Amino acid sequence: MTNETVEKGYFGDFGGSFVPPDLKNVLGVLDENFEKYKNDPEFIEEFNYYMKEYIGRENPLTFAENLSKQVGGAKIYLKREDLNHTGAHKINNAIGQILLAKRMGATRIIAETGAGQHGVATATACSIIGGMDCIIYMGKVDTERQALNVFRMELLGAKVVAVDKGQGRLKDAVDAALNDLVENYESTFYLLGSAVGPHPFPTMVKHFQSIISEESKRQILEKEGKLPKAVVACAGGGSNAIGAFAHYIEEESVRLIGVEPAEAPSLTEGVPAIIHGFKCLTLLDENGEPKPTYSIAAGLDYPGVGPEHSYLKTTKRAEYVTVTGQEALEAFQLLSKIEGIIPALESSHAIAYAIKLAGELNQEDSIIVNLSGRGDKDVEQVFNMLQTE
């Protein structure tokens, strides 16, 4: 099967651009520039330079030997996005978009962030390119549970705006960033971090994050001589997952599995609705409004999901499952203890499911888990959670 879109900006029935006319024009210009530069040799050369010399790609596909032995069954490989500069996959997209913003003459960059990793990546990208003001919107609740990342962003030169409207979480940060863009679109580039939002954002983010699966596909063939049985990634807005899936979508033999928090199951329980200017599977309350959500992982705390994930779910090309916060917390501790790798709480959701899956498969099989980020940012939060148990 393919993921060809019937209309540009759509993935089946999902996606689109449901925004005011002025903003639609701005996004149209963004789309034109993205299409112009994404295959431009000079742009690609500069992007690849930063990927290698600044971020440290390509990162390893690490065989988790101790975990695999303990679980039994399939070999578990970890795609090590946690080893990127700034500690997560977010920097891939941030560098790609900042290079585009530079070519478009932007002087002001805004972004949203949940766990803070995209905010850190955006502030980092602004710092290395230079000459751009950087404003990061973050839910007030998230600024409190990710205080270290707030300080990192400020240290890198960004202004962090705590959003106390609504739940004070990721959805509200996106609301604030979109409102800023509507008011300041003439001077502002919105560096959106997840595979959500109106067209062309989901397509752009996938493009820059697809480097994850481009590398892992080559690496697993070198290591195993065959494709994995499955690729597993956590799914909130969906940027690390769509990047991890991208080069396997056409490989029907490879299962694509997105793992959501049981407390925010947009793909497993959501219905089609418009949120933040695009159509996707969304958790709605009795009034048809986006439902309040919660996850121990701030980056997964979102009532919607990327439109391509919605499409992959409804066409059954990808599977989406849930694990509880407690299961993710246990996986966080287990990987730390037996592999010496402290994963982000977001990534721990994928680890938790991969442990279940590996036990159901044969020893000659392999699965890839996208370890989307490292857990430094979560250590204090986990410490406090374990103290209260």
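So, here is what we can say about the structure in this document. (Residues numbered from 1 in each chain as written. Predicted model: local features only at pLDDT ≥ 70, side-chain atom pairs only at ≥ 80, totals over all residues. Heavy atoms only, no water.)

**Quick look at the nonpolar core**
Formed by 86 residues in total, the largest nonpolar core has its most connected members in I95, I98, I109, Y190 and F245. Discounting residues that sit within four places of it in the chain, F245 has contacts with S213, V231, A233, L256, I257, G258, H309, L312 and Y320. Counting 34 residues, the second-largest nonpolar core is a separate cluster that includes I296, A328, I351 and V382. (Core = buried A, V, L, I, M, F, W, Y, C linked by side-chain atoms within 4.5 Å. Buried < 20%, exposed > 50% of the residue type's maximum accessible area, 1.4 Å probe, protein only. Contact = heavy atoms within 4.5 Å.)

**Some words on the packing of aromatic side chains**
Remark: the centre distance and the inter-plane angle together describe each pair of aromatic rings, the angle taken between the planes. Taken as a whole and assessed by the stated rule, the structure comprises eight aromatic pairs. Taken together, a centroid distance of 6.2 Å and an interplanar angle of 90° make the contact between Y50 and Y54 edge-to-face. Of this pair, Y50 and Y54 are both found in helix 2 (residues 41–55), four residues apart, which corresponds to roughly one turn of the helix. Owing to a relative accessible area of 14%, Y50 belongs among the buried residues under this scheme. Note on Y54: relative accessible area 26%, which makes it partly exposed. Through pairs of rings, three or more aromatic residues link up here, namely F34, Y37, F43, F47 and F208. (Phe/Tyr/Trp six-rings, centres within 6.5 Å; stacked < 30°, edge-to-face > 60°. Helix = DSSP H or I, 4+ residues; strand = E, 2+ residues; numbered from the N terminus.)

**Structural notes on the pattern of salt bridges**
If the charged atoms of two oppositely charged side chains come close together, the side chains can form a pair. The full count for this structure, using the stated rule, is 24 salt bridges. Between D301 and R169 there is a salt bridge, with the nearest N and O atoms lying 3.4 Å from each other. Note that D301 is positioned in the loop between strand 12 (278–282) and helix 13 (307–314) and R169 in the loop between strand 7 (159–163) and helix 8 (170–184), a separation of 132 residues in sequence. Residues D301 and R169 agree in their burial class; the two are buried. Between D175 and K171 there is a salt bridge, with the nearest N and O atoms lying 2.8 Å from each other. Here K171 and D175 lie together in helix 8, a separation of four residues that amounts to about one turn. Here K171 falls in the partly exposed class, since its relative accessible area comes to 22%. Beyond isolated ion pairs, a larger network of salt bridges with shared partners links R57, K79, E81 and E215. (Salt bridge = Lys/Arg side-chain N within 4 Å of Asp/Glu carboxyl O.)

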